[in-house]
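Remarks on the overall topology
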Amino acid sequence: QVQLVESGGGLVQPGGSLRLSCAASGGTFSMYSMGWFRQAPGKEREFVATISRTADKTFYADSVKGRVTISRDNAKNTVYLQMNSLEPGDTAVYYCASVVNFYASRRDYEYPYWGQGTQVTVSS
């Protein structure tokens with residue numbers, strides 16, 4: 001099975017930046033589209049960004065457009081989420097996910113494989 005491990009979360013001040021990483025193992029990474037989702041306490045999980053197998057397509061939630069960039073390095077089996085101009089509303093646990101046979105999916109229910117999550121807290 002595919003295993004995903006996120007890292008890079010932490011506490012940052014408003015306006016700061018973080019780069020999250022997600023390392024994949026147990027599958028052929030290039031066959032998977034990858035996504036990032038987040039969930040704040042008491043709220044439902046929401047879509048953040050997704051990237052296709054060859055990185056020719058990316059999509060972002062309106063709430064993060066212009067502040068977030070998703071990328072992947074297939075040689076390293078890793079997907080990244082660069083987050084800039086962070087706001088308190090970005091505070092959440094961030095999860096990466098992978099799926100075969102879906103093109104840059106923005107639907108959480110289409111992803112069978114999930115990481116454990118990494119905490120991002122934006123506060124002064």
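Our subject is the structure listed above.
As the structure is a prediction and not an experimental result, all values here were calculated from the model.

Conventions adopted
Residues numbered from 1 in each chain as written. Predicted model: local features only at pLDDT ≥ 70, side-chain atom pairs only at ≥ 80, totals over all residues. Heavy atoms only, no water. 1 Å grid on protein atoms, 1.4 Å probe; cavity = no way out; pocket = protein on both sides within 12 Å on 5 of 7 lines; lining within 4 Å. Points joined across faces, edges and corners; volume = space filled by probe spheres on them. Nonpolar A, V, L, I, M, F, W, Y, C, P; charged D, E, K, R; others polar. Core = buried A, V, L, I, M, F, W, Y, C linked by side-chain atoms within 4.5 Å. Buried < 20%, exposed > 50% of the residue type's maximum accessible area, 1.4 Å probe, protein only. Helix = DSSP H or I, 4+ residues; strand = E, 2+ residues; numbered from the N terminus. Pairing = 2+ DSSP bridges. Axes fitted to C-alpha atoms, helices over the stretch in contact; angles between N-to-C directions. Polar contact = N/O pair within 3.5 Å; in protein donor to acceptor, adjacent residues only side chain to side chain. Phe/Tyr/Trp six-rings, centres within 6.5 Å; stacked < 30°, edge-to-face > 60°. Disulfide = S-S within 2.5 Å.

Any empty space left between the atoms is revealed when a probe the size of a water molecule rolls over them. Taken as a whole, this structure holds one cavity of 30 Å³ or more when the rule is applied. In this model, the largest cavity occupies a volume close to 40 Å³. Here the residues of the lining of the largest cavity sort into five nonpolar, three polar and no charged.

Here we take up the nonpolar core. Counting 33 residues, the largest nonpolar core has M34, W36, V79, L81 and Y94 as the members making the most contacts within it. Those elements giving two or more residues to this core turn out to be strand 3 (18–25), strand 4 (32–39), strand 5 (46–51), strand 7 (68–73), strand 8 (78–83), strand 9 (92–100) and strand 11 (118–122).

One open sheet accounts for four strands, arranged 1-3-8-7; its pairing is antiparallel. Every other strand in the sheet has two partners, leaving strand 1 (3–7) and strand 7 as the edge strands with one partner each. If you compare each strand with its neighbour and ignore which way they point, the axes differ by 15 degrees on average. Two elements, strand 7 and strand 8, share six bridges in a ladder whose sense is antiparallel. Residue D73 lies in a different strand from strand 8, and its bridge partner there is T78.

The next point concerns the environment of R53. Tracing the backbone shows R53 in the loop between strand 5 and strand 6 (58–60). Residue classification places R53 among the partly exposed residues on the basis of a relative accessible area of 32%. Taking C-alpha positions, R53 is 5.6 Å from S30, a pair spaced 23 residues apart along the chain. At 2.7 Å, the side chain of R53 and the backbone oxygen of M31 are in polar contact.

According to the stated counting rule, one finds six aromatic pairs in the structure shown. Measuring from centroid to centroid gives 5.3 Å for F37 and Y111, while their planes differ by 75 degrees, and the two rings are edge-to-face. Of this pair, F37 sits in strand 4 while Y111 sits in the loop between strand 9 and strand 10 (113–114), and the two are 74 residues apart along the sequence. Across the pair, exposure class does not vary: F37 and Y111 are buried alike. Each ring, one from F37 and one from W114, has its centre 5.1 Å from the other, and the planes form 50 degrees; the classification is tilted. One end of the pair, F37, is in strand 4; the other, W114, is in strand 10, with 77 residues separating them in the sequence. Classification of W114 by relative accessible area gives partly exposed; the value is 24%.

Turning next to the state of the cysteines. Under the criterion given, the structure shown has one disulfide. The disulfide that involves C22 links it to C96, with 1.9 Å between the sulfurs. Between C22 and C96, the S-S torsion sits near 45 degrees, and that sign places the bridge as right-handed. Of this pair, C22 sits in strand 3 while C96 sits in strand 9, and the two are 74 residues apart along the sequence. We classify C22 as buried; its relative accessible area is 0%. According to the relative accessible area criterion, C96 is buried, its value standing at 0%.

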